[in-house]
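# Residue-level structure breakdown
Read off the chains here:
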Amino acid sequence: AVIGPHGGAIERHTDAQVDLLGKDARLRMDTWACAGKGLSQFRRLHITSDDLSERSFPGLNALLERQHRLAVSFHGFDRATRPGTTTPVDVIVGGQFNLERRYDLADQIRRRLPVDQRFEVFVTTSCGDPHAGLSPRNAVNRLADAGGIQIEQSRRLRDSPEARQRVTEAIADALLTL
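Scope of this entry: the structure provided in the associated data block.

Definitions and limits used
- Residues numbered from 1 in each chain as written.
- Predicted model: local features only at pLDDT ≥ 70, side-chain atom pairs only at ≥ 80, totals over all residues.
- Heavy atoms only, no water.
- 1 Å grid on protein atoms, 1.4 Å probe; cavity = no way out; pocket = protein on both sides within 12 Å on 5 of 7 lines; lining within 4 Å.
- Points joined across faces, edges and corners; volume = space filled by probe spheres on them.
- Nonpolar A, V, L, I, M, F, W, Y, C, P; charged D, E, K, R; others polar.
- Buried < 20%, exposed > 50% of the residue type's maximum accessible area, 1.4 Å probe, protein only.
- Helix = DSSP H or I, 4+ residues; strand = E, 2+ residues; numbered from the N terminus.
- Arc of directions from axis to C-beta.
- Contact = heavy atoms within 4.5 Å.
- Pairing = 2+ DSSP bridges.
- Axes fitted to C-alpha atoms, helices over the stretch in contact; angles between N-to-C directions.

### Describing the layout of surface pockets
In this structure, the second largest pocket occupies an estimated 340 Å³ of space. In terms of lining residues, the second largest pocket is bounded by 14 residues, among which Ala-1, Arg-28, Met-29, His-68 and Arg-69 are the most central. Of the residues assigned to the lining of the second largest pocket, the class counts are eight nonpolar, two polar and four charged.

### Describing helix 1 (residues 14-22)
It helps to recall that an α-helix has 3.6 residues per turn; residues three or four apart then point in one direction. Within the span of helix 1, buried status applies to Thr-14, Gln-17, Val-18 and Leu-21. Projected onto a plane normal to the axis of helix 1, the buried residues spread over an arc of 105° and lie on a single side. Close packing links the buried residues of helix 1 with strand 1 (2-8), strand 2 (31-36), strand 3 (71-77), strand 6 (148-154), helix 6 (155-158) and helix 7 (161-175).

### With respect to the sheet that holds strand 2
Spatial strand order, 2-1-3-6-4-5: six strands in an open sheet with mixed pairing. Taken across any chain shown, the strands that pair with only one partner, and hence form the sheet edges, are strand 2 and strand 5 (121-123). Strand-to-strand twist across the sheet, computed as the mean angle between neighbouring axes with direction ignored, equals 20°. In the sheet, strand 3 pairs with strand 6 via seven bridges, with the strands oriented parallel. Across the sheet, residue Gly-76 finds its bridge partner in strand 6, namely Gln-153. Running at roughly 180° to strand 5, helix 4 (residues 99-112) makes contact with strand 4 (91-94), strand 5 and strand 6 of the sheet. Helix 7 rests against strand 3, strand 4 and strand 6 of the sheet, and its axis sits at about 160° to strand 3.

Honestly, that's just the spatial picture; any functional story needs more than this.
As structure tokens, this is what we get:
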């Protein structure tokens, strides 16, 4: 399964990544994205992934009723730094999926990103890390038997069509081997 609970004007371009990954002919993916419309949607519709209710989102409910081996969710943030530093990050790989495999996925993303823009990729390992996605209540973790993969991306990265496409392609390639 692949989801984008904060698409449209909430966390821009994440719904497009869901669509791109869902259309990859090499994968069989169930998809769901919530797309807020209008500039004021972030405050109104940004429900944390731990609080997303299948009663409020029928598309999410349909996915939860099906069994999935793996699940990915696309998210966005304005700014975040590595814990304990001032180093900005652009991609945070979180969720409850196997930590070693998340490190492998982060390496694939790193290798794919445009070198000239110096995007920083970080794997979250603690609930205290930014945008960890480690809660069992998180929608992506509820979707998959093996736990979910939460992909958080900076606005800078999401505003680069090339970078966000390369992140999505790296995830598609990684899913074929997980």
